[in-house]
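Below, each chain spelled out in residue letters.
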Amino acid sequence: MEINFIALLLAALVTLVVGFVWYHPKVFGTIWMRENNLTQEQLKTGNMLKIFGLTYVFSLMITMTLMSLTIHQSGAVGMVGGPPLLDAAKPSFAAFMADYGTAYRTFKHGALHGFISGLLFAFPVIGINGLFERKSWKYILIHAGFWMLTLTLMGGIVCGFA
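The structure displayed is predicted, hence computed values, not measured ones. (Residues numbered from 1 in each chain as written. Predicted model: local features only at pLDDT ≥ 70, side-chain atom pairs only at ≥ 80, totals over all residues. Heavy atoms only, no water.)

Enquirer: Which residues make up the overall build of the chain, and what values do they have?
Expert: A tally of helices and strands in the chain yields 8 helices and 0 strands. Starting at the N terminus, the α and β elements of the chain follow one another as α-α-α-α-α-α-α-α. In terms of principal-axis extent, the alpha carbons of the chain reach across some 60 × 30 × 25 Å. Every one of the 162 residues in the chain was classed for burial, and the buried ones make up 36%. At a minimum sequence separation of 6, the contacts of the chain that also span at least 24 residues come to 79%. Working note: accessible area of the chain is about 10100 Å², and carbon and sulfur atoms make up 72% of it. Here the chain holds 10 positive side-chain charges and 6 negative ones, and the gap between their average locations is 12 Å. (Helix = DSSP H or I, 4+ residues; strand = E, 2+ residues; numbered from the N terminus. Buried < 20%, exposed > 50% of the residue type's maximum accessible area, 1.4 Å probe, protein only. Contact = heavy atoms within 4.5 Å. Areas by Shrake-Rupley, 256 points an atom, 1.4 Å probe, with all protein chains shown as cover. Lys, Arg positive; Asp, Glu negative; His and termini not counted. Charge placed at Lys NZ, Arg CZ, Asp CG, Glu CD.)

What follows is the structure in structure tokens.
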């Protein structure tokens, strides 16, 4: 199972692209700023290179996780010890991969798993943090919606093209 690293690098950009749109003042940015008691001036004081650079690094980490969640063949590769041991795998592994190596490797399938990850993992994590931080439901839903959309698109790209 070959990995398309270009697809992973592009999938990691989704976080930034969706974030630029989602948190734009004409979409949810104004509400998000109000819920955080932030102003445009305060947001401009951050180190944008650090923020965007680390966001991209963290997004790459997410794409690696999404590979195991969206590409079911990853489990089969893991069962034989990972890529370094593929050549030593039993003939049944080669037969399995010949029959099912591309099964469910579509954008649609990855998007479904990405959405489920957003709904059943990201949303609860954001919700728990938001509740303890005494944030509003608007705040929680804005962030959860962002991650559900982002993980849906990232999952689709990872599964369909990586």
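Enquirer: Kindly report on the packing of helix α1 (residues 5-22) against helix α8 (residues 137-161), identifying the contributing residues and their values.
Expert: Two numbers describe how α1 lies on α8: the axes approach to 9 Å, and their chain directions differ by 155 degrees. Overall, the two elements α1 and α8 adopt an arrangement that is roughly antiparallel. Both α1 and α8 take part in a crossing whose hand is right-handed. Facing Ala7, Leu8, Ala11, Ala12, Val14, Thr15, Val18, Gly19 and Trp22 of α1, the residues of α8 in contact are Ile142, Gly145, Phe146, Trp147, Leu149, Thr150, Leu153, Met154, Ile157, Val158 and Phe161. For the contact of α1 with α8, the per-class residue count stands at 16 nonpolar, 4 polar and no charged. (Axes fitted to C-alpha atoms, helices over the stretch in contact; angles between N-to-C directions. Parallel < 35°, antiparallel > 145°, perpendicular 65-115°, else oblique. Left-handed = near helix turned anticlockwise from the far one by under 90°. Nonpolar A, V, L, I, M, F, W, Y, C, P; charged D, E, K, R; others polar.)

Enquirer: Break down the confidence of the model for the chain for me, with residues and values.
Expert: Mean pLDDT for the chain: 94, with 99% of residues reaching 70 or above. Across the chain, the secondary-structure element scoring lowest on mean pLDDT is helix α5 (residues 73-79), at 86, and the one scoring highest is helix α7 (residues 107-132), at 98. (pLDDT = per-residue confidence, 0-100.)

Enquirer: Give me the side chain of Gln73: which residues, what numbers.
Expert: By secondary structure assignment, the location of Gln73 is in helix α5. From its side chain, Gln73 meets the backbone oxygen of Gly101 in a polar contact 3.3 Å long. (Polar contact = N/O pair within 3.5 Å; in protein donor to acceptor, adjacent residues only side chain to side chain.)

Enquirer: Give me the packing of aromatic side chains: which residues, what numbers.
Expert: The full count for this structure, using the stated rule, is 6 aromatic pairs. The interplanar angle of 70 degrees and the centroid separation of 5.4 Å between the aromatic rings of Phe20 and Phe52 together place this pair among those described as edge-to-face. You can see Phe20 sitting in helix α1 and its partner Phe52 sitting in helix α4 (residues 48-70), a full 32 residues away along the chain. Following the ring pairs from residue to residue traces out a cluster consisting of Tyr23, Trp32, Phe146 and Trp147. (Phe/Tyr/Trp six-rings, centres within 6.5 Å; stacked < 30°, edge-to-face > 60°.)

Enquirer: Please provide a residue-by-residue account of the environment of Gly118, values included.
Expert: Within the secondary structure, Gly118 sits in helix α7. C-alpha of Gly118 to C-alpha of Ile128: the two residues are 10 residues apart in sequence and 14 Å apart in space.

Enquirer: An account of the environment of Ala103 is requested, with residue identities and associated values reported.
Expert: Of note, Ala103 is situated in the loop between α6 (91-100) and α7. For Ala103 and Ile71, which are 32 residues apart along the polypeptide, the C-alpha to C-alpha distance reads 9.0 Å.

Enquirer: Could you give an account of the side chain of Thr152, with specific residues and numbers?
Expert: Within the fold, Thr152 resides in helix α8. Excluding its chain neighbours within four sequence positions, the residues that come into contact with Thr152 are Gly110, Ala111, Gly114 and Phe115.

Enquirer: Any chance you could break down a nonpolar patch on the surface for me, citing the residues and the numbers?
Expert: Taken together, the side chains of Phe20, Val21, Val27, Met48, Ile51 and Phe52 define a hydrophobic patch exposed on the protein surface, amounting to about 500 Å² of accessible area. In terms of residue count, α4 provides more of the nonpolar patch than any other element does, 3 residues in total. With respect to the element layout, Ile51 can be found in helix α4. (Patch = residues over 30% accessible without salt bridge, like charges linked within 9 Å, V, L, I, M, F, W, Y side chains within 5 Å. Salt bridge = Lys/Arg side-chain N within 4 Å of Asp/Glu carboxyl O.)

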